[in-house]
Amino acid sequence: MLPDGCRPQESLMEVITPMWKDRSPLSIGSVAVAFEAVCPTRLDLLHKHYRRLCKTLVDVDEWGQGDLLNLLLRYARTMLPRPKEDEEIDKDVHLLLTSTEPLFYSRNPAVVIAAVRVVYYVGPPSFHPKIVDPLLRILHMSPELERIVLSYILASTPSLFSSHFTHFLISYGDIPDTKATKLRLLLAILNFDNHAGILRELVEQEAVHEIGRCAVRVPECAEQCVNALLGMVDHGNDQAVVVLKNLVPAATVERLAGRLDTIHDPSARATVVWLTGQYAEGSSAVDGLASYVPDVLRRMAKSFKEEKGVVKLQVLTMAAKLTVLSTDQRIGQLTKYVLQMARYDVDWDVRDRARMLVGLLAGLDPTPDSDEREGVVLRREQVKMVLFQGKKNVVEPDEPVNATIGTWSAITGKRSIDEPILPDWLENGVESVLRDSEDDVARVVPPPVTAISSSSASQQRVVASVPQKVEQAAPWKKNLDQFYQEEEEDSGEDEDSGASQSESDGEPQDGSEESSDEEDVDDSEEDETESNSGREDIAHQPS
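The rules behind each value
Residues numbered from 1 in each chain as written. Predicted model: local features only at pLDDT ≥ 70, side-chain atom pairs only at ≥ 80, totals over all residues. Heavy atoms only, no water. Helix = DSSP H or I, 4+ residues; strand = E, 2+ residues; numbered from the N terminus. Buried < 20%, exposed > 50% of the residue type's maximum accessible area, 1.4 Å probe, protein only. pLDDT = per-residue confidence, 0-100. Contact = heavy atoms within 4.5 Å. Patch = residues over 30% accessible without salt bridge, like charges linked within 9 Å, V, L, I, M, F, W, Y side chains within 5 Å. Areas by Shrake-Rupley, 256 points an atom, 1.4 Å probe, with all protein chains shown as cover. Salt bridge = Lys/Arg side-chain N within 4 Å of Asp/Glu carboxyl O. Lys, Arg positive; Asp, Glu negative; His and termini not counted. Charge placed at Lys NZ, Arg CZ, Asp CG, Glu CD. Phe/Tyr/Trp six-rings, centres within 6.5 Å; stacked < 30°, edge-to-face > 60°. Lys NZ or Arg CZ within 6 Å of the ring centre and 35° of its normal. Expected span 1.5 Å × (residues − 1). Disulfide = S-S within 2.5 Å. Axes fitted to C-alpha atoms, helices over the stretch in contact; angles between N-to-C directions. Parallel < 35°, antiparallel > 145°, perpendicular 65-115°, else oblique. Left-handed = near helix turned anticlockwise from the far one by under 90°. Nonpolar A, V, L, I, M, F, W, Y, C, P; charged D, E, K, R; others polar. Polar contact = N/O pair within 3.5 Å; in protein donor to acceptor, adjacent residues only side chain to side chain.

Next up on the list: the overall build of the protein chain. Looking only at helices and strands, the protein chain has 24 helices and zero strands in total. Relative to its 543 residues, the protein chain shows a buried fraction of 39%.

Take a look at the structure:
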């Protein structure tokens, strides 16, 4: 039973908080998991333990390292100042980054990805290139992991991997999802330096949409892309025509129009018809039109009944464009025939398009009743602007990747309910003093002063600064019997030494006295010889 007024969360926090002080690295990972489950928002409880957790990060077990890294990532973005490229990095931020880098070499891919998250979302842009080698190292560990790593590379800064595009080439055994992710990644890292190798890979895989985007992003290779797409059209790939819609120049439209009978895909046929009407201006026997354009309208009017709805819509639009560009009666008759066929078509979209075009072209009819019609009547120039400039060619933009490294949304493209949210940076952070602990305070004991003079005082400081070795008694490893036996032996030796000492004290001292008398006689004889030799030296000196 809990005490009155005590909530379960508070009681659990009282249990978890002292566990951060445990010096064993094996328990830190479990404490981090419990902290995330009980009180994930109380990051202020980690102030005193932050630096020690960073230093012990390498010693934590590999499954606890991932949870601890995620916790330190949230703490850093919530409590530490945001690092800037032109300023010095905060010491606590730098401590986390330097403590995380050794985990790039972990054998556990989950730890490597967690370390990449910390360096990428905590470090400044100058630290981002450090994530390249770790991700490439774990890229080919398994097919399942390959797709995950590719998705995380797309969620980061793909341009960092532009020089390593050979790691992302498609192999025969790739699953469809991995293949699609590689194509997106190759297009994301495309630049002028590697466009030749990437374009060869795209052509080999017949990735027509990626080839079209390659031509837009690197204009220098646009001609190569167009030739590759035209070659695919020759081999029966009708989808290449849809991409050529936004890339092909006017000179190659005639080439596509001549192959219209060999193209069977409805979207591809509709694209060729749209291109023919869009680039129909020219000089030929038919005033204002290119030479091949009237024949395309004739063939499409002949097969109008059998065409799909998407093709019929483009045929109607092309006929209206040709009517605006040319005043030839044959073009006008073909246009009226197509509009009359569309009026009774089974598809209501086709009927609506025909009705709209009839009203749009009303101002071009030279009949006397045209001036009496009600409503707005557009002139030829206005109708031309509506038909040719109303909808410009737009290449589909690249889909932006708004996902976080280490989340499911980066892999599936859909945000999950329980996905962790990366907190925003706190620009200035909290005060660094809050993270000071007893381990950070250096204990300095001043040496005692033992002399007055400066020289001796300096010597004493040097001596005092050198640590003295203290002899420690060896541990007693004997049993009780050996101890009593040695004690008896020591007592016996003491009795023998006492008896010998008493005997030496009772002996006479005559020999010692005689020896001392002989030493006195020898000393007196030496003094006499020295004095005699001194007198002789004085006598022999010249006067």
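Turning next to unusual backbone geometry. Generally, phi is negative for residues other than glycine and the peptide bonds are trans, each holding for most cases. Backbone geometry places Glu206, a non-glycine residue, at a positive phi of 55°. Along the chain, Glu206 falls in the loop between helix 10 (195-205) and helix 11 (208-217).

To continue, consider the confidence of the model for the protein chain. Residue-level pLDDT values for the protein chain average 79, and 74% of them are 70 or greater. Ignoring residues within four places in sequence, the model shows residues 449-477, a span with pLDDT below 50, making seven contacts including any to other chains. Under a pLDDT of 50 for its full length, residues 506-519 has, in the predicted model, zero contacts with residues more than four places off or in other chains.

So, on to a negative patch on the surface. A grouping of Glu487, Glu488, Glu489 and Asp490 is seen on the molecular surface, where their side chains present a negatively charged patch. Examined against the element boundaries, Glu487 turns out to sit in helix 23 (residues 480-506). Glu487 sits in the partly exposed class, given a relative accessible area of 45%.

Under the criterion given, the structure shown has four aromatic pairs. A ring pair is formed by Tyr120 and Tyr121, whose centres lie 5.1 Å apart and whose planes are at 85°; its orientation type is edge-to-face. Residue Tyr120 shares its accessibility class with Tyr121, and that shared class is buried. One Lys or Arg, Lys312, reaches over the ring of Phe304 and ends 5.6 Å from the middle of that ring. For the cation-ring pair, Lys321 lies above Phe388, with the distance from its terminal atom to the ring centre recorded as 5.4 Å.

Time to look at the pattern of salt bridges. The tally for this structure, following the rule as stated, stands at 17 salt bridges. A salt bridge links Asp92 to Arg51, with the shortest nitrogen-to-oxygen separation between them at 2.9 Å. Placement of Asp92 in helix 5 (residues 91-100) and of Arg51 in helix 3 (residues 50-55) is noted, with a sequence separation of 41 residues between them. The pair formed by Asp92 and Arg51 is uniform in burial state, with each residue classed as buried. Arg435 is paired through a salt bridge with Asp92; the nearest N and O atoms lie 2.6 Å apart. Within this pair, whereas Arg435 is found in the loop between helix 21 (409-412) and helix 22 (454-465), its partner Asp92 is found in helix 5, the two being separated by 343 residues in sequence. Asp92 carries the same exposure label as Arg435, and that label is buried. What emerges from the salt-bridge pattern is a single network uniting Arg51, Asp92, Arg435 and Asp436.

A few words on helix 2 (residues 25-38). In this model helix 2 runs 21 Å from its N-terminal to its C-terminal C-alpha over 14 residues, within 8% of the 20 Å that 1.5 Å per residue would give. Residues of helix 2 that are buried include every one of Ser27, Ile28, Gly29, Val31, Ala32, Phe35 and Val38, and no others. If you follow the buried residues of helix 2, they end up packed against helix 1 (8-19), helix 3 and helix 4 (62-79).

One pass over the structure, following the stated rule, counts zero disulfides. The thiol of Cys214 is not disulfide-bonded; the next cysteine sulfur, from Cys221, is found 3.7 Å away.

Before going further, it helps to examine the packing of helix 2 against helix 4. Packed helices, taken two at a time, are described by their axes: the angle between them and the distance between them. Relative to each other, helix 2 and helix 4 sit at 50°, their axes nearing to 8 Å. By the criterion of interaxial angle, the relationship of helix 2 to helix 4 is oblique. You can see that helix 2 and helix 4 cross each other, and the crossing is left-handed. The residues of helix 4 that touch helix 2, namely those facing Ile28, Gly29, Ala32, Val33, Phe35 and Glu36, are Gly64, Asp67, Leu68, Leu71 and Arg74. Looking at the contact of helix 2 with helix 4 residue by residue, the classes come out as six nonpolar, two polar and three charged.

With that out of the way, let us pick up the environment of Ser162. Topologically, Ser162 is positioned in the loop between helix 8 (143-155) and helix 9 (176-188). Taking the relative accessible area as the measure of exposure, Ser162 reaches 17% and is therefore buried. Sequence spacing of Ser162 and Ile189 is 27 residues, and the spatial spacing of their C-alpha atoms is 4.9 Å. The contacts of Ser162, once residues within four sequence positions are left out, are Ile189, Asn191 and Asn194. A polar contact is formed between the side chain of Ser162 and the backbone oxygen of Ser159, at a distance of 3.1 Å.

In this section: the environment of Glu419. Note on placement: Glu419 falls in the loop between helix 21 and helix 22. Exposure remark for Glu419: the relative accessible area of 10% places this residue in the buried category. Setting aside its immediate chain neighbours within four residues, Glu419 contacts Thr407, Trp408 and Ser409.

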